[in-house]
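So you can see what is in the structure, the chains are spelled out below.
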Amino acid sequence: MGSVSSNGVENLLSARKSLKSSLEKSKALGSSLEKAGPKLDEIIQRLPYLEASVRPIRAQSDALVAVGGHINRAVVPAAAVLKVFDAIHGLERSLSDPQSDLPGYLSVLKRLEEALRFLGENCGMAIQWLDDIVEYLEDNKVADDRYIMNLKKALKYLRELQNEEKGHLDGGLLGAALDRLENEFRRLLTENSVPLPMSPSPSLGEQACIAPSPLPVSVIQKLQPILGRLMANNRLEKCISIYVEVRSSNVRASLQALNLDYLEISVSEFNDVQSIEGYIAQWGKHLEFAVKHLFEAEYKLCNDVFERMGLDVWMGCFAKVAAQAGILAFLQFGKTVTDSKKDPIKLLKLLDIFASLNKLRWDFNRLFGGAACAEIQNLTRDLIKRVIEGASEIFWELLVQVELQRQAPPPSDGSVPRLVNFITDYCNRLLGEDYKPILTQALVIHRGWKQEKFDERLLINELLNIIKAIELNLDTWSKAYNDPVLSHFFMMNNHWHLYKHLKGTKLGILLGDSWIKEHEQYKEYYSALYLRESWGKLPAHLSREGLILFSGGRATARDLVKKRLKAFNEAFDAMYEKQSLWIVSEKDLREKTTQLIVQAIVPVYRSYMQNYGPLVEQDASASKYAKYTAQSLEKKLCSLFKPKPMREGSLKARQYSGKFSNGVTDQSLSSPTVA
């Protein structure tokens, strides 16, 4: 009984201990399970990724075997591209400043271009290989979908870069390097382009031997390889633009000292050609200087710099330089002159312009004959056409204009009409060495345009007809005077003018000696008529009839002397007052005419006063009758017919509107009228 009880307690204790141990284990297991819960959740979440990673292992064995070859074929060109790309960025330091080492800079730039060309040629192939392997992985389910999607995005970006400009492949390195090269091109041009040092009023004759210094050979040798590299990168037009800007600016600066502001003048800014006559003379000299020296130098320089680019390139570049430097302004000025109002002086100025252009014809054809200079050619042809048509029109209208003046009133002072004065000198100038050849050439060209032949005799006959028209005008004008004495005076004046100003001239030779002598004879004839009908009548007032001095008739004689002296004085004063307004422009004729008047009057007056003057000199009113001494009379007569001083501004010509307009004749000539 006791042993049973003892065993039972032990069993209970053992069971209790076992139960307690089991409870502790259960508690520990529960605690462990509680701790393992989050880890299990994490494992559950990672299972899809693990499954995706393990999926290729489940792919077909032949696909797994082949994928290695595909990857190797794609990686090799891709690695080469990456290597070149790294090399490109290694060149960046060597492309910082072309000025310090231009040959080295160009060499590195060429290597950069080659590397980019390699990238351009191989990048596509590498992308294609990578594209193929992605397609293989996707088709054979060898890779995860997300991984394949990321690969596709990367390949798409690479493809876009490849399709865009190459600058994206090098991060803009080539573009920056080319920009620096363009800047160096500009610097070399700018620093070595120096305007000509010219005085404000240059003597072009002295400066004709001066030509602008060409760019140094060393500079040209630098510009040419720069052009080559820029041209290879499609930047030639930018180079040409820089070149044109710099060189045309240099030519303009050279011309600036010549004061070419007149080239911008418009038709509305001047009344007629005579008012800008000085500018037209300058224009011819300035144009010749610009063409023969400035544009000639630019022509050669364009050839030197752009020779390797081809004829069309350097000729096109020169055309732009010439246009922007000012050749178009020269041609526009000529056109402005042709647009001005017509007058005879304009004919001479048009011939001056034509002579200047004709003198430069060979230079124009050589410098501006290329297709690139089409605008300059068209403007030049248009200017020549306008000049020839304008000159021909004015020349053939001269005779008509002279005839129209026939109805105008003659000069009130009996002088030589301005028309006569003008035409005699004008026609001689047209026949002179300066104008006859160029006028003939212009008329030949103009008639040629109309399919008509030109004979030089046509020019001669037209000028002779103009002189004949002047003769008819003189006859008509002489008959317009109410005073016959003034008519004789007028004809004396004009016949002497024709004789003096045409004798020994080209026009006088054409008219002939008999024509010249005829006018000399007419002058003598009208001079005699003038003297007989005017001053020749005065001595009759100093008659000696009835003046027998004896003691009983002295008072009677005194009264007769007073009466006759009074009549002489009144006639003399009236004639002097009237003729003091008359003019003889030619000094020799004036002196000869006054001497003839003096010879006709003064000796008679002196003798009369010596014999009969004492009869009145003692009279209280002696001064009333003995008004003049022989010396004062001669002095007064010698003061006749002198031209009036010219007022300032009276040499300016007025508008030509279908007829000769007011003006006077001087060395510069102006449009005349009769008066």
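Cut-offs applied
- Residues numbered from 1 in each chain as written.
- Predicted model: local features only at pLDDT ≥ 70, side-chain atom pairs only at ≥ 80, totals over all residues.
- Heavy atoms only, no water.
- Helix = DSSP H or I, 4+ residues; strand = E, 2+ residues; numbered from the N terminus.
- Buried < 20%, exposed > 50% of the residue type's maximum accessible area, 1.4 Å probe, protein only.
- Contact = heavy atoms within 4.5 Å.
- Areas by Shrake-Rupley, 256 points an atom, 1.4 Å probe, with all protein chains shown as cover.
- Salt bridge = Lys/Arg side-chain N within 4 Å of Asp/Glu carboxyl O.
- Core = buried A, V, L, I, M, F, W, Y, C linked by side-chain atoms within 4.5 Å.
- pLDDT = per-residue confidence, 0-100.
- Phe/Tyr/Trp six-rings, centres within 6.5 Å; stacked < 30°, edge-to-face > 60°.
- Lys NZ or Arg CZ within 6 Å of the ring centre and 35° of its normal.
- Expected span 1.5 Å × (residues − 1).
- Bend = angle between axes of the 7 residues up to and from the residue.
- Disulfide = S-S within 2.5 Å.
- Axes fitted to C-alpha atoms, helices over the stretch in contact; angles between N-to-C directions.
- Parallel < 35°, antiparallel > 145°, perpendicular 65-115°, else oblique.
- Left-handed = near helix turned anticlockwise from the far one by under 90°.
- Nonpolar A, V, L, I, M, F, W, Y, C, P; charged D, E, K, R; others polar.
- Polar contact = N/O pair within 3.5 Å; in protein donor to acceptor, adjacent residues only side chain to side chain.

Visitor: What's the story with the overall build of the protein chain in this structure? I'm lost.
Guide: Scanning the protein chain for helices and strands turns up 24 helices and zero strands. Burial statistics for the protein chain: of 675 residues in total, 44% are counted as buried. The contacts of the protein chain with a sequence gap of at least 6 include a subset with a gap of at least 24, amounting to 81%. Total accessible area computed for the protein chain in this model is approximately 36300 Å², and 53% of it derives from carbon and sulfur atoms.

Visitor: What is the right way to look at the pattern of salt bridges in this model?
Guide: Close approach of charged atoms allows side chains of opposite charge to pair. Overall, the coordinates contain 31 salt bridges when judged by the stated rule. Put simply, R386 and D339 hold a salt bridge, and the shortest N to O gap is 2.6 Å. Separated by 47 residues along the polypeptide, R386 in helix 14 (residues 374-404) and D339 in the loop between helix 11 (327-338) and helix 12 (344-359) bring together distant segments of the chain. With relative accessibility at 27%, the residue R386 sits in the partly exposed group. A salt bridge links K342 to E397; the nearest nitrogen and oxygen atoms lie 3.2 Å apart.

Visitor: Whenever I open this one, the nonpolar core confuses me. Can you help?
Guide: Across soluble globular proteins, nonpolar side chains show a tendency to be buried alongside one another. Of all hydrophobic cores here, the largest spans 165 residues; its most connected members are F295 and W535. A total of 13 residues in this core trace back to one element, the largest contributor, which is helix 9 (residues 277-306). What F295 contacts, discounting residues up to four positions off in sequence, is V251, A290, F318, A322, A325, I327, L367 and F368.

Visitor: Explain the side chain of N493 here, please?
Guide: Along the chain, the position of N493 falls in helix 18 (residues 484-502). The class for N493 is buried, based on a relative accessible area of 1%. Sequence-distant contacts of N493, defined by excluding residues within four places in its chain, comprise G414, S415, V416, I583, V584, S585 and L589.

Visitor: Can you help me understand the confidence of the model for the protein chain in this one?
Guide: Parts of the model with low pLDDT should not have their predicted coordinates read in detail. Looking at the protein chain, the pLDDT average stands at 82 and 73% of residues meet or exceed 70. A low-confidence stretch, residues 205-210 stays under pLDDT 50, and its non-local contacts, those more than four residues away or across chains, total eight contacts. Scored below 50 in pLDDT, residues 647-659 shows 28 contacts in the model against residues more than four places distant or in partner chains.

Visitor: Quick question: what am I supposed to make of the packing of aromatic side chains here?
Guide: Aromatic ring pairs are reported here in terms of the distance separating the ring centres and the angle at which the planes meet. Summed over the entire model, instances satisfying the criterion amount to 26 aromatic pairs. Taking the centre distance of 5.1 Å and the plane angle of 45° together, the rings of F489 and W582 count as tilted. Residue F489 is found in helix 18, and its partner W582 is found in the loop between helix 21 (554-579) and helix 22 (587-617); the two are separated by 93 residues along the sequence. Classification of F489 by relative accessible area gives buried; the value is 0%. Here R366 stacks its cationic end above the ring of Y299, 5.9 Å away from the centre of that ring. Residue placement shows K523 over the ring face of W496; its charged tip is 5.0 Å from the ring centre.

Visitor: Quick question: what am I supposed to make of helix 14 here?
Guide: Residues separated by three or four positions in an α-helix point in the same direction, a consequence of the helix having 3.6 residues per turn. A rise of 1.5 Å per residue sets the reference length of helix 14, with its 31 residues, at 45 Å; its end C-alpha atoms lie 44 Å apart and thus fit the reference within 8%. Where helix 14 bends most, at L398, the angle is about 40°.

Visitor: Before we go on, may I ask you to explain unusual backbone geometry in this structure?
Guide: Most of the time, phi is negative for any residue but glycine, and the peptide bond is trans. Even without a glycine there, the phi angle at N234 is positive, about 60°. Tracing the backbone shows N234 in the loop between helix 7 (217-232) and helix 8 (236-256).

Visitor: Before we go on, may I ask you to explain the state of the cysteines in this structure?
Guide: Here, the word disulfide means a covalent bond between the sulfur atoms of two cysteines. Considering all chains together, one arrives at zero disulfides under this definition. No disulfide involves C373; its sulfur sits 9.8 Å from the nearest other cysteine sulfur, which is in C302. For C373, a relative accessible area of 1% corresponds to the buried category.

Visitor: Explain the packing of helix 17 (residues 456-478) against helix 18 to me, please; I cannot follow it from the model alone.
Guide: The geometry of a pair of packed helices is captured by two quantities: the angle between their axes and the separation between those axes. Put simply, helix 17 and helix 18 touch, their axes get as near as 9 Å, and they point 165° apart. Here helix 17 is positioned roughly antiparallel relative to helix 18, judged by the angle of their axes. Read as a crossing pair, helix 17 and helix 18 show a hand that is right-handed. Here L474, D475, W477 and S478 of helix 17 lie close against helix 18, whose contacting residues are S487, F490, M491, N494 and L498. Broken down by class, the residue content of the contact of helix 17 with helix 18 amounts to five nonpolar, three polar and one charged.

Visitor: How do you make sense of helix 18 when you look at a structure like this?
Guide: For helix 18, with 19 residues, the first-to-last C-alpha span of 27 Å sits near the 27 Å given by 1.5 Å per residue. Where helix 18 starts, the residue carrying a side-chain oxygen 3.0 Å from the main-chain nitrogen of V485 turns out to be D483. A positive phi of about 80° marks G504, the residue just after helix 18.

Visitor: Explain the side chain of S478 here, please?
Guide: Here S478 lies in helix 17. Excluding residues that lie within four positions of it along the chain, S478 makes contacts with S487, F490 and M491.

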